[in-house]
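Residues per chain, in single letters:
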Amino acid sequence: MSEATGQQGSGAGKRLVRNLALYTLARLGLVIVIAALIVGVAKLIGVEVPVIVAALFALLVAMPLSLTLFKKLRVKVNEDIAVVDARRRQDKAQLRARLRGDDDSTSA
């Protein structure tokens, strides 16, 4: 395996971690904003809504909403997962070839 390919896989892994963290934070932020809106609107109309109930409703609303609002970020995460997965498959195949005694892949 070439060093450039190894660095590409490593870079994709770092991008995956960063993009997944951003996507997770964006989704959590959306839940918090929606929960705050539910509690705020409830207080405006004079109804007491427990925070846990607002959070549960916010989760239900945020799940499908985040699929559309954060589509670009979700696509980036999926692409990074595909690159990392391909790299793992390639490493696994290379390891199996070494275990079989095929040294053709390592003599480059």
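A short tour of the structure in this document, coming up.

### So, the pattern of salt bridges
Part 1 of the reasoning: A full pass over the atoms with the stated rule returns 4 salt bridges.
Part 2 of the reasoning: Taking the shortest distance from any N to any O, the salt bridge between Arg89 and Asp85 comes out at 2.4 Å. Here Arg89 pairs with Asp85, and both are found in helix H3 (residues 71-100), just 4 residues apart, close to one helical turn.
Part 3 of the reasoning: Look at Arg89 and you get exposed, because its relative accessible area is 54%.
Part 4 of the reasoning: The salt bridge partner of Arg87 is Asp91, with a shortest N-O separation of 3.4 Å. Here Arg87 pairs with Asp91, and both are found in helix H3, just 4 residues apart, close to one helical turn.
Part 5 of the reasoning: When its relative accessible area of 30% is taken as the criterion, Asp91 is described as partly exposed.

Scoring rules and cut-offs
Residues numbered from 1 in each chain as written. Predicted model: local features only at pLDDT ≥ 70, side-chain atom pairs only at ≥ 80, totals over all residues. Heavy atoms only, no water. Salt bridge = Lys/Arg side-chain N within 4 Å of Asp/Glu carboxyl O. Helix = DSSP H or I, 4+ residues; strand = E, 2+ residues; numbered from the N terminus. Buried < 20%, exposed > 50% of the residue type's maximum accessible area, 1.4 Å probe, protein only.

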